[in-house]
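# Survey of secondary and tertiary structure
So the chains spell out like this:
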Amino acid sequence: MHRPVRKVAICAPATPLKREYAERVAALAVAEFPDLDLHFHEQCFVEEGHFAGPDELRLAALLECANDPAIDAVWFAKGGYGSNRITQGFHDHANEAARAKTYVGYSDCGTLLGALYRNSIGHAVHAPMPCDLAREGGEDAIRRVLSWFGGDDGGLEPGLGDTPAVAFNLYTLAMMLGTPFMPDLSGHEVLIEEVAEHEYAIDRLFFHVTAQLEGVAGIRLGEVTAIPENDRPFGASVVEIAQDWCSRSGIPYLGRAEIGHTATNRIVPFGLEARGTRA
């Protein structure tokens, strides 16, 4: 069991969160997890075009949460697109308090998690976000994270073992490769999920990603959901796509993983350290 956290700040590095979801998450925490203290930053609800406010506002809110020594963990409110636009600024201005925290999210926010892991800033953790309350069964996803904050490891991805692991959205991982934010994943199991991409696009992404993941311990495939219908069948399932590109690149295909854009999304602390004690 890991050491629990108590004070959790929530901000939105990418797209905005509906206030009703924040209120429902807060109410659930008060009712069932009274030892937790959740703080939703007002920036979560700002809307400017696609984003939860301009880059400067999103970065300022992230730094305010991360650099506050009274906060134990930063929980990303929602993915979408946009965290990559403020990742370098966060790295440049994170203080010592930020380096002791746990950071929780997935999807687009994998760019931030990858950069944190690369630069040994805090503990990066793939896990459901407050926006997942909107899914069918979403309350269970929120409970999974709140329980984990409290020290319960029951929500961890069941395939985690003695090998360090990371979890990423496939598209996010592909875009991070070759950038200053990409961590060294040598010896890691790489858990991959995807949502709302055609099968030919998934094939293209695996072509790119497997060519770059030299030295990894293997790939496990999570959920691939909401695949759009193409004008003709692709001719291979997502499992067959993953197996094919792993075979071509010499990367072991290790089977399935319980992660993805679903309410059953499980928790994956990056590496091994966050599965033990945390600040």
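Here the structure is a predicted model, which is why all the values come from computation and not from measurement.

It is worth spelling out the UniProt feature "domain: LD-carboxypeptidase N-terminal" (unreviewed entry) in the chain at this point. What UniProt calls "domain: LD-carboxypeptidase N-terminal" (unreviewed entry) maps, in this numbering, to residues 8-119. Structurally, residues 8-119 comprises 40% helix and 14% strand, and the distance from its first C-alpha atom to its last is 22 Å.

Another point: the side chain of glutamate 157. Within the element layout of this structure, glutamate 157 appears in the loop between α5 (138-149) and β6 (165-169). Polar side-chain contacts of glutamate 157 include one of 2.7 Å to the backbone nitrogen of glycine 159. Each residue touching glutamate 157, except ones within four places of it in the same chain, is listed here: Leu191, Arg220, Ala257, Glu258, Ile259, Arg266, Ile267 and Val268.

The next thing to look at is the pattern of salt bridges. Applying the stated criterion across every chain yields a total of 13 salt bridges. The partner of aspartate 55 in a salt bridge is arginine 85, and the shortest N-O contact between them spans 3.0 Å. Of this pair, aspartate 55 sits in helix α2 (residues 55-66) while arginine 85 sits in helix α3 (residues 84-93), placing them 30 residues apart in sequence. For arginine 85, a relative accessible area of 44% translates into the label partly exposed. The salt bridge partner of arginine 248 is aspartate 244, with a shortest N-O separation of 3.1 Å. Taken together, the residues arginine 248 and aspartate 244, both in helix α8 (residues 238-249) and four residues apart, mark about one turn of the helix. The class for aspartate 244 is partly exposed, based on a relative accessible area of 30%. Members of the salt-bridge network, linked through shared partners, are Glu32, Glu139, Asp140 and Arg143.

Mapping threonine 87 onto the fold places it in helix α3. If we skip the residues at most four places from it in the chain, threonine 87 touches Thr111, Leu112, Ala115 and Phe181.

What follows concerns the packing of α3 against helix α4 (residues 110-118). Remark: α3 packs on α4, axes separated minimally by 9 Å, with the N-to-C direction vectors making an angle of 30°. Taken together, the axis directions place α3 and α4 in an arrangement best described as roughly parallel. Pair α3 / α4 crosses with right-handed handedness. For the pair α3 and α4, the contacting residues are Asn84, Thr87 and Phe90 in the first and Thr111, Leu112, Ala115 and Leu116 in the second.

What follows deals with the nonpolar core. With 92 residues, the main nonpolar core has Trp75, Phe90, Tyr103, Leu146, Phe149, Phe206 and Leu213 as its most contacted residues. A per-element tally of this core places α2 first, with six residues.

Turning to unusual backbone geometry, a few remarks are in order. Generally, phi is negative for residues other than glycine and the peptide bonds are trans, each holding for most cases. For serine 107, which is not glycine, the phi dihedral falls at a positive 60°. Mapped onto the elements of the fold, serine 107 is located in the loop between β4 (102-105) and α4. The phi angle at alanine 226 is positive, at roughly 55°, despite the residue not being glycine. Following the sequence through the fold, alanine 226 ends up in the loop between β8 (218-225) and α8.

A few words on the sheet that holds strand β10 (residues 268-269). Taken in spatial order, the six strands line up as β2-β1-β3-β4-β5-β10 in an open sheet, and their pairing is mixed. Edge positions in the sheet fall to β2 (37-40) and β10, since each of these pairs with one other strand and no more. Packing against the sheet, α4 makes contact with β3 (73-76), β4 and β5 (123-126), and its axis sits at approximately 145° to β5.

Quick look at the sheet that holds strand β7 (residues 189-195) now. By way of backbone hydrogen bonds, the strands of a sheet pair with one another, either parallel or antiparallel. In space, the four strands of this open sheet follow the order β6-β7-β8-β9, with parallel pairing throughout. The open sheet has two edge strands, β6 and β9 (253-256), and neither has a second partner. On average, each strand axis in the sheet is inclined to that of its neighbour by 20°, with strand direction left out of account. With six bridges connecting them, β7 and β8 associate as parallel partners. Bridge assignment links glutamate 194 to a residue of β8, and that residue is valine 224.

Scoring rules and cut-offs
Residue numbers restart at each chain and count upward from 1, following the sequence in its written direction. Selection of residues for local features in this predicted model requires a pLDDT of at least 70, selection of side-chain atom pairs for listing and counting requires 80 or more, and totals for whole chains, interfaces and linings are taken over all residues. Computation of side-chain values: all heavy atoms of the structure, hydrogens and water removed. UniProt positions are given in the numbering used here, feature names are shortened, and annotations may be inferred rather than shown by experiment. Helical segments are the DSSP runs of H or I of at least four residues, strand segments are the runs of E of at least two, and each set is numbered from the N terminus. By the criterion applied in these results, polar contacts are pairs of N or O atoms within 3.5 Å in which, for protein atoms, one can donate a hydrogen and the other can accept it, and in which residues neighboring in sequence qualify only through two side-chain atoms. The contact definition used throughout considers only heavy atoms, calling two residues in contact when any of these lie within 4.5 Å. Definition used for salt bridges: Asp or Glu carboxyl oxygen within 4 Å of a side-chain nitrogen of Lys or Arg. The cut-offs for exposure are 20% and 50% of the maximum accessible area for each residue type, with area from a 1.4 Å probe on protein chains only; residues under the lower value are buried, those over the upper are exposed, and the others partly exposed. Fitted lines through C-alpha atoms give the axes, limited to the stretch in contact for helices. The angle between two N-to-C directions lies from 0 to 180 degrees. Geometric relationships in this document are graded by angle, where less than 35 degrees denotes roughly parallel, more than 145 denotes roughly antiparallel, 65 to 115 denotes roughly perpendicular, and other angles denote oblique. Handedness of a crossing follows from how the near helix is turned relative to the far one, being left-handed for an anticlockwise turn of less than a right angle and right-handed for a clockwise one. Residues belong to a common nonpolar core when they are buried Ala, Val, Leu, Ile, Met, Phe, Trp, Tyr or Cys residues joined through side-chain atoms within 4.5 Å. Between any two strands, pairing holds if DSSP finds at least two bridges.

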